[in-house]
Amino acid sequence: MMEIISWIGSILLAICGLPLAYDAYKTKTSNISTIFLVLWGLGELFTLIYVIAKEENALTFNYFSNIVFIGIIVYYKFKKKDI
């Protein structure tokens, strides 16, 4: 039962970054502050390393998903605008 609760929580947390990534993709830009993205990204990365070592599959899914979403946001934040 706790495994199911862990997966539900991890999936819900993982999709929290999805609307921001989708908005960045849709608008081809991001207005999220750079410092926020750096802190969020590093937090996700360091915690991902920890949960991989602990073999926490549900949390690994969560942190990996958010790193993907952060990558999308960062890409559109710093992508050169077409003129």
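These numbers were taken from a predicted model, which means no experiment stands behind them.

Draft legend 1. Structural context of the packing of helix α1 (residues 2-14) against helix α4 (residues 57-78). Relative to each other, α1 and α4 sit at 5 degrees, their axes nearing to 8 Å. Here α1 is positioned roughly parallel relative to α4, judged by the angle of their axes. Mapping the contact onto sequence places S6, W7, S10, I11, L13 and A14 in α1 and N57, A58, L59, F61, N62, S65, N66 and F69 in α4. Looking at the contact of α1 with α4 residue by residue, the class counts come to 8 nonpolar, 6 polar and no charged.

Draft legend 2. Up close: the packing of aromatic side chains. With the rule as written, the count across this model stands at 4 aromatic pairs. Taking 6.2 Å as the distance between ring centres and 70 degrees as the angle between the ring planes, the aromatic pair formed by Y25 and Y76 counts as edge-to-face. Here Y25 is found in helix α2 (residues 18-27), whereas its partner Y76 is found in helix α4, with 51 residues between them in sequence. A residue is classified by how much of its surface remains accessible, and Y25, at 48% relative accessible area, is partly exposed.

Draft legend 3. Helix α3 (residues 34-53), seen in detail. For α3, with 20 residues, the first-to-last C-alpha span of 29 Å sits near the 28 Å given by 1.5 Å per residue. Packing partners of the buried residues in α3 comprise α2 and α4.

Draft legend 4. Focus on the packing of α3 against α4. Where α3 meets α4, the closest approach of the two axes is 9 Å, and the angle between their N-to-C directions is 155 degrees. When the interaxial angle is binned, α3 and α4 end up roughly antiparallel. Both α3 and α4 take part in a crossing whose hand is left-handed. Residue-level contacts link T34, L37, W40, G41, E44, L45, T47, L48, V51 and I52 of α3 to L59, T60, N62, Y63, F64, N66, I67, I70, I73, V74, K77 and F78 of α4. Residues that form the contact of α3 with α4 fall into these classes: 14 nonpolar, 6 polar and 2 charged.

Conventions we followed
- Residues numbered from 1 in each chain as written.
- Predicted model: local features only at pLDDT ≥ 70, side-chain atom pairs only at ≥ 80, totals over all residues.
- Heavy atoms only, no water.
- Axes fitted to C-alpha atoms, helices over the stretch in contact; angles between N-to-C directions.
- Helix = DSSP H or I, 4+ residues; strand = E, 2+ residues; numbered from the N terminus.
- Parallel < 35°, antiparallel > 145°, perpendicular 65-115°, else oblique.
- Contact = heavy atoms within 4.5 Å.
- Nonpolar A, V, L, I, M, F, W, Y, C, P; charged D, E, K, R; others polar.
- Phe/Tyr/Trp six-rings, centres within 6.5 Å; stacked < 30°, edge-to-face > 60°.
- Buried < 20%, exposed > 50% of the residue type's maximum accessible area, 1.4 Å probe, protein only.
- Expected span 1.5 Å × (residues − 1).
- Left-handed = near helix turned anticlockwise from the far one by under 90°.

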